[in-house]
Amino acid sequence: MTTLTPILTKNWDQADSFTLAGYEREGGYQALRKALGMAPDDIVQLVKDSGLRGRGGAGFPTGMKWGFLPPTSPNPRYLVVNADESEPGTCKDIPLMMANPHVLVEGVIISSYAIKSNQAFIYVRGEVLHVIRRLQQAVAEAREAGYIGTDILGSGYDLDVVVHTGAGAYICGEETALLDSLEGFRGQPRLKPPFPAVSGLYGGPTVINNVESISSVPSIVENGADWFTSMGTEKSAGYGIFSLSGHVTRPGQYEAPLGITLRELLDMAGGIREGHRLKFWTPGGSSTPIFTDEHLDVPLDFESVGAAGSMLGTRALQIFDETTCVVRAVLRWSEFYAHESCGKCTPCREGTYWYKQMLKRLEAGQGQDEDLNTLLDLSDNILGRSFCALGDGATSPVVSSIKLFRDEYLRHFEQGGCPFDPAKSTLWGGVK
């Protein structure tokens, strides 16, 4: 049985976990002191050796991304933290910043020092005002303590950190759309190349990393690469926060080594709600192909989940029992993607709109078999043809649900309506 590895979440049960005093009591900012005594390039190599992969969904090696920065540039270097978490089911970065913001701040300082940047931005989703205020407080506390500012801890290194609030657009989770928003423009993805590492924020070399990725850096500096690689799998090293939501007895955040299975996580979470059984689930949020109970023992690492036909993504495990209509669930996700499409490219703008229209009719039982083939054909015209990954992600639940639950779609046609009672999938309606 895999055991939990509380590292980022170890002090969440303490009343003052979000304060500087509470963080320092647990050894906070000791990794920063150690890092400032190292050469920046050695820290980059350490992160490379650790095998840390991006925790925002794509899983790209973090140290390798840092290494892409050109050795010389006429423009300043920037570190940008993507804290625009907003995909349905994804809920790890928000509670992390709420309960332990200083681990992110320390990670920002160390990472900025490693890439030789003197300016860092934390881009936070505008709706989570309570998190924004807590981050601002953490940055202010760190600045007052001498961890941010000029000549940090007498090292001669200077850094300014800005907490920037977005306006609440899912598209700004895409790194180049985030940069446009940060510069004051409408958030839309940029054409690549040039990539942000070469020409990013204000035209300068820029590293963009997820909250959890940057928050993992202090523990790697403090404990070493071998410690980090002792957890997880060979190609998916370390630990991560797994977010269980939906029809599970104890939903919440479970920090565990990569490679743990849903069966093990469900055992820790008390299983599916009493009297019900697992029907389908998402391994990485709503933009990943869905799994069923046949995938309970798939190791939750990047390679294993990919080999099984989905993506690990943000480890947002949405759990649905047999009371849930898969067509209704996919419709809700598709309505989200249609609403959040920035409209820059035709396949995503038009495709997500037609997803919404067609699925709404199918869920009401007003369709025919041929409509499913039309949906798959529509998916083929979105996948790989969109400007960014939003369009690709929108196709995942549609295609996978038709593949796994085609009979359920057909039952809607045969009965002339949805065969499920929506109330039974609610918390109060599913109790026996």
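Up top is the structure these notes are about.
Residues numbered from 1 in each chain as written. Predicted model: local features only at pLDDT ≥ 70, side-chain atom pairs only at ≥ 80, totals over all residues. Heavy atoms only, no water.

A. Inspection of the overall build of the protein chain at higher detail. For the protein chain, the count of helices and strands is 17 helices and nine strands. Over its C-alpha atoms the protein chain spans a radius of gyration of 22 Å, differing by no more than 12% from the 22 Å that the globule rule assigns to 432 residues. Taken along the three principal axes of its C-alpha coordinates, the protein chain extends 75 × 45 × 40 Å. Burial status across the protein chain gives 57% buried among its 432 residues. If you take every contact in the protein chain between residues at least 6 apart in sequence, the share linking residues at least 24 apart comes to 70%. Carbon and sulfur atoms make up 52% of the accessible area of the protein chain, which totals about 17,400 Å². Across the protein chain, the 38 positively charged side chains and the 51 negatively charged ones have centroids separated by 3 Å. (Helix = DSSP H or I, 4+ residues; strand = E, 2+ residues; numbered from the N terminus. Rg over C-alpha atoms; globule rule 2.2 N^0.38 Å. Buried < 20%, exposed > 50% of the residue type's maximum accessible area, 1.4 Å probe, protein only. Contact = heavy atoms within 4.5 Å. Areas by Shrake-Rupley, 256 points an atom, 1.4 Å probe, with all protein chains shown as cover. Lys, Arg positive; Asp, Glu negative; His and termini not counted. Charge placed at Lys NZ, Arg CZ, Asp CG, Glu CD.)

B. Region of interest: empty space enclosed by the protein. The tally for this structure, following the rule as stated, stands at one cavity of 30 Å³ or more. Estimated volume of the largest cavity: approximately 60 Å³. In terms of lining residues, the largest cavity is bounded by 13 residues, among which S341, C342, C345, C348 and C388 are the most central. Tallied by class, the residues present in the lining of the largest cavity amount to eight nonpolar, four polar and one charged. (1 Å grid on protein atoms, 1.4 Å probe; cavity = no way out; pocket = protein on both sides within 12 Å on 5 of 7 lines; lining within 4 Å. Points joined across faces, edges and corners; volume = space filled by probe spheres on them. Nonpolar A, V, L, I, M, F, W, Y, C, P; charged D, E, K, R; others polar.)

C. Local environment of the packing of aromatic side chains. Taken as a whole and assessed by the stated rule, the structure comprises 17 aromatic pairs. Look at Y29 and Y147: their rings are 4.0 Å apart centre to centre, the planes differ by 10 degrees, and that puts the pair in the stacked class. With Y29 in the loop between α1 (20–25) and α2 (30–36) and Y147 in the loop between α7 (129–144) and β3 (160–165), this pair connects stretches of sequence that are 118 residues apart. Among the residues examined, Y147 registers a relative accessible area of 3% and is labelled buried. Taken together, a centroid distance of 5.0 Å and an interplanar angle of 65 degrees make the contact between Y170 and F336 edge-to-face. Here the residue Y170 occupies a position in the loop between β3 and α8 (175–182), and F336 occupies one in helix α14 (residues 326–340), the gap between them amounting to 166 residues. (Phe/Tyr/Trp six-rings, centres within 6.5 Å; stacked < 30°, edge-to-face > 60°.)

D. Quick look at the environment of A83. Mapped onto the fold, A83 is located in strand β1 (residues 78–83). In sequence terms A83 and V207 are 124 residues apart; their C-alpha atoms lie 14 Å from each other.

E. Molecular detail of helix α6 (residues 101–114). Given a rise of 1.5 Å per residue, 14 residues ought to cover 20 Å, and the 20 Å separating the end C-alpha atoms of α6 matches this to within 8%. In the segment just after α6, K116 is the residue with positive phi, at about 65 degrees. (Expected span 1.5 Å × (residues − 1).)

F. Representation of a nonpolar patch on the surface in the model. On the surface, F60, M64 and F68 cluster together into a nonpolar patch covering about 280 Å² of accessible area. Classification of F60 as partly exposed rests on a relative accessible area of 36%. (Patch = residues over 30% accessible without salt bridge, like charges linked within 9 Å, V, L, I, M, F, W, Y side chains within 5 Å. Salt bridge = Lys/Arg side-chain N within 4 Å of Asp/Glu carboxyl O.)

G. Representation of the layout of surface pockets within the structure. Considered as a void within the structure, the largest pocket measures approximately 1,400 Å³ in volume. Along its surface, the largest pocket is lined by 49 residues, and G56, G57, A58, G173 and E174 are the ones closest to its centre. Among the elements of the structure, β1, α8, β4 (206–210) and α17 (389–415) are those that each provide at least two residues to the lining of the largest pocket. The biggest single contributor to the lining of the largest pocket is β4, with five residues. Residue composition of the lining of the largest pocket, grouped by class: 19 nonpolar, 19 polar and eleven charged.

H. Region of the structure containing the side chain of T176. Topologically, T176 is positioned in helix α8. Filtering out sequence-adjacent residues up to four positions away, T176 remains in contact with Q188, P189, R190, K192 and P196.

I. Summary view of the sheet that holds strand β8 (residues 291–292). Judged by pairing direction, the sheet is mixed, and its five strands sit side by side in the order β6-β5-β9-β7-β8 without closing on themselves. Edge positions in the sheet fall to β6 (252–257) and β8, since each has one partner strand and no second. In terms of strand pairing, strand β7 (residues 278–282) meets β8 through two bridges, oriented antiparallel. Pairing of F280 across the sheet is with T292, part of β8. Against the sheet, α14 engages β7 and β9 (316–321), with an angle of about 20 degrees to β7. (Pairing = 2+ DSSP bridges. Axes fitted to C-alpha atoms, helices over the stretch in contact; angles between N-to-C directions.)

J. A look at the pattern of salt bridges. Considering all chains together, one arrives at 21 salt bridges under this definition. Among the ionic pairs, E212 bridges to K92, the shortest N-O distance being 2.9 Å. Of the two residues, E212 is situated in helix α9 (residues 211–215) and K92 in the loop between β1 and α5 (93–99); the sequence distance between them amounts to 120 residues. As far as burial versus exposure is concerned, E212 and K92 are alike and both buried.

K. Just the side chain of S334, in detail. Relative to the helices and strands, S334 resides in helix α14. According to the relative accessible area criterion, S334 is buried, its value standing at 2%. In contact with S334, other than residues within four places in its own chain, are T352, Y355, L359 and V398.

L. The arrangement of the pairing of strand β5 (residues 239–246) in detail. Of all eight residues in β5, seven are buried, a share of seventy percent or more. In terms of strand pairing, β5 meets β6 through six bridges, oriented antiparallel. Residue pairing for β6: L244 is matched across the bridge by G252. The antiparallel pairing of β5 with β6 creates a hairpin that spans five residues between the two strands. Alignment of β5 against β9, held across four bridges, turns out to be parallel. Counted as the bridge partner of S243 is A316 from β9.

M. Structural view of the pairing of β7. Most of β7 sits inside the fold, with five of its five residues counted as buried. Pairing analysis gives four bridges linking β7 to β9, with the strands arranged antiparallel. When the sheet's bridge partners are listed, W281 is paired in β9 with I319.

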